[in-house]
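Each chain, letter by letter, is given below.
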Amino acid sequence: MAKYQCVCGYIYDEDAGCPENGVAPGTKWADVPDDFTCPDCGLGKDDFELIE
């Protein structure tokens, strides 16, 4: 499973999901709703980058 980092430093981990934003554990980034926002800073999906 992949991890994606917001420009603020928050990391979305596909294994953990983001239950506080309604995204269940195991949800792939492509399946995260387009209106998802970072729980730390409020930026959108476009502000996240894949961590290699």
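Described below are features of the structure shown in this document. As the structure is a prediction and not an experimental result, all values here were calculated from the model.

Definitions and limits used
- Residues numbered from 1 in each chain as written.
- Predicted model: local features only at pLDDT ≥ 70, side-chain atom pairs only at ≥ 80, totals over all residues.
- Heavy atoms only, no water.
- Phe/Tyr/Trp six-rings, centres within 6.5 Å; stacked < 30°, edge-to-face > 60°.
- Helix = DSSP H or I, 4+ residues; strand = E, 2+ residues; numbered from the N terminus.
- Buried < 20%, exposed > 50% of the residue type's maximum accessible area, 1.4 Å probe, protein only.
- Pairing = 2+ DSSP bridges.
- Axes fitted to C-alpha atoms, helices over the stretch in contact; angles between N-to-C directions.

Comments concerning the packing of aromatic side chains
Consideration 1: Evaluated as defined, the whole model comprises seven aromatic pairs.
Consideration 2: Ring plane angle 50° and centroid distance 5.2 Å describe the contact between Tyr 12 and Trp 29, whose orientation is recorded as tilted. With Tyr 12 in strand β2 (residues 11–13) and Trp 29 in the loop between β2 and β3 (48–50), the pair connects residues that are 17 residues apart, well separated along the chain.
Consideration 3: For Trp 29, a relative accessible area of 10% puts it in the buried group.

Details of the sheet that holds strand β1 (residues 3–6)
Consideration 1: Pairing is antiparallel across the open sheet formed by three strands, whose spatial order is β2-β1-β3. At either margin of the open sheet sits one strand with a lone partner, and together these are β2 and β3. Across this sheet, the average inter-strand angle for adjacent strands is 30°, counted without regard to direction.
Consideration 2: Pairing between β1 and β2: three bridges, direction antiparallel. Residue pairing across strands places Tyr 4 opposite Tyr 12, the latter belonging to β2.

Everything listed is a geometric property; what it means functionally is a separate question.
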